[in-house]
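Residue-level structural notes
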Amino acid sequence: MNEVVETLRKIEEKYKLFQQQQFTFIRALERTREEAHDMIRPVSSIVQVQCYKDHHCYNSTDRRILNMFVSLCNELRCLCQRMETVHAGDSVTNGLLEKCKLLLNDSNDFTALRATYPHRVVNFLSLEEAKHRYGGVVSVLPIVLDSMRDWITHSKKYLIPNEKQCERCKYEDPRLGKKDPWIPPGNTSC
């Protein structure tokens, strides 16, 4: 579980760097879409961004930022697979993982997807860009990251079995084994 948390933290750091370069990302998409003569369709899938990068990108800055997006998606996909192997989960965690896998599917259409508060990624786009072109592509990463954070929070709270174990040395205090929690004298409401 600690490995999953650490991996997510590293991905979030990379995402913060990517988020700071959102304007560059949007301009790279514009240039590659223009080169591909594909200005009418919205950017709707990870495969489409990959295709723009591989076949219609002639600028190293554009290639770098498009590659950053695709690699973030790939890292999140790998983390999803690792999360599945950590533990079996319950309906909540399985639902969160299914949502992440669906959003990170290469051919998933995310044109209608929009990140909401507290994410401001859509706010930095013009109305035309947000509604018809790039709203989904800039929303997919923050929504997936939120779902993964929710998965970790829920797993730690409800599914990690032994909270009576010392994190550092894995020593389990036998006094805390199967006893009921201490109830103060005179308090019988528990």
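Now for a quick tour of the structure. (Residues numbered from 1 in each chain as written. Predicted model: local features only at pLDDT ≥ 70, side-chain atom pairs only at ≥ 80, totals over all residues. Heavy atoms only, no water.)

Describing the packing of aromatic side chains
- Here the structure, examined in full by the defined rule, presents four aromatic pairs.
- For the pair Tyr-15 and Phe-18, a centre-to-centre distance of 6.4 Å together with 35° between the ring planes defines the contact as tilted. Within this pair, Tyr-15 and its partner Phe-18 are both found in helix H1 (residues 2-20), separated by three residues, close to a single helical turn. Neither Tyr-15 nor Phe-18 differs from the other in exposure class; each is buried.
- Ring geometry for Phe-18 versus Phe-25: centroids 5.0 Å apart, planes at 65°, classification edge-to-face. (Phe/Tyr/Trp six-rings, centres within 6.5 Å; stacked < 30°, edge-to-face > 60°. Helix = DSSP H or I, 4+ residues; strand = E, 2+ residues; numbered from the N terminus. Buried < 20%, exposed > 50% of the residue type's maximum accessible area, 1.4 Å probe, protein only.)

A word on helix H5 (residues 91-103)
- Between the first and last C-alpha of H5 there are 18 Å, a value that for 13 residues agrees with the 18 Å anticipated at 1.5 Å per step.
- Along H5, the residues classified as buried are Thr-93, Leu-96, Leu-97, Cys-100 and Leu-103. Taken around the axis of H5, the buried residues stretch over an arc of 130°, which confines them to a single face. For H5, the exposed residues set more than 90 degrees away from the buried face come down to Ser-91 and Leu-102.
- Packed against the buried residues of H5 are helix H3 (46-55), helix H4 (60-86) and helix H7 (135-159). (Expected span 1.5 Å × (residues − 1). Arc of directions from axis to C-beta. Contact = heavy atoms within 4.5 Å.)

Looking at unusual backbone geometry
- Backbone geometry places His-37, a non-glycine residue, at a positive phi of 55°.
- Mapped onto the elements, His-37 comes out in the loop between helix H2 (22-35) and H3.
- What makes His-37 exposed here is its relative accessible area of 73%.

As for the nonpolar core
- Counting 45 residues, the largest nonpolar core has Phe-18, Phe-25, Leu-29, Phe-69, Val-137, Leu-141 and Met-148 as the members making the most contacts within it.
- For this core, the element with the highest residue contribution is H4, accounting for eleven residues. (Core = buried A, V, L, I, M, F, W, Y, C linked by side-chain atoms within 4.5 Å.)

Such coordinate-based values are descriptive only and should not be taken to indicate function.
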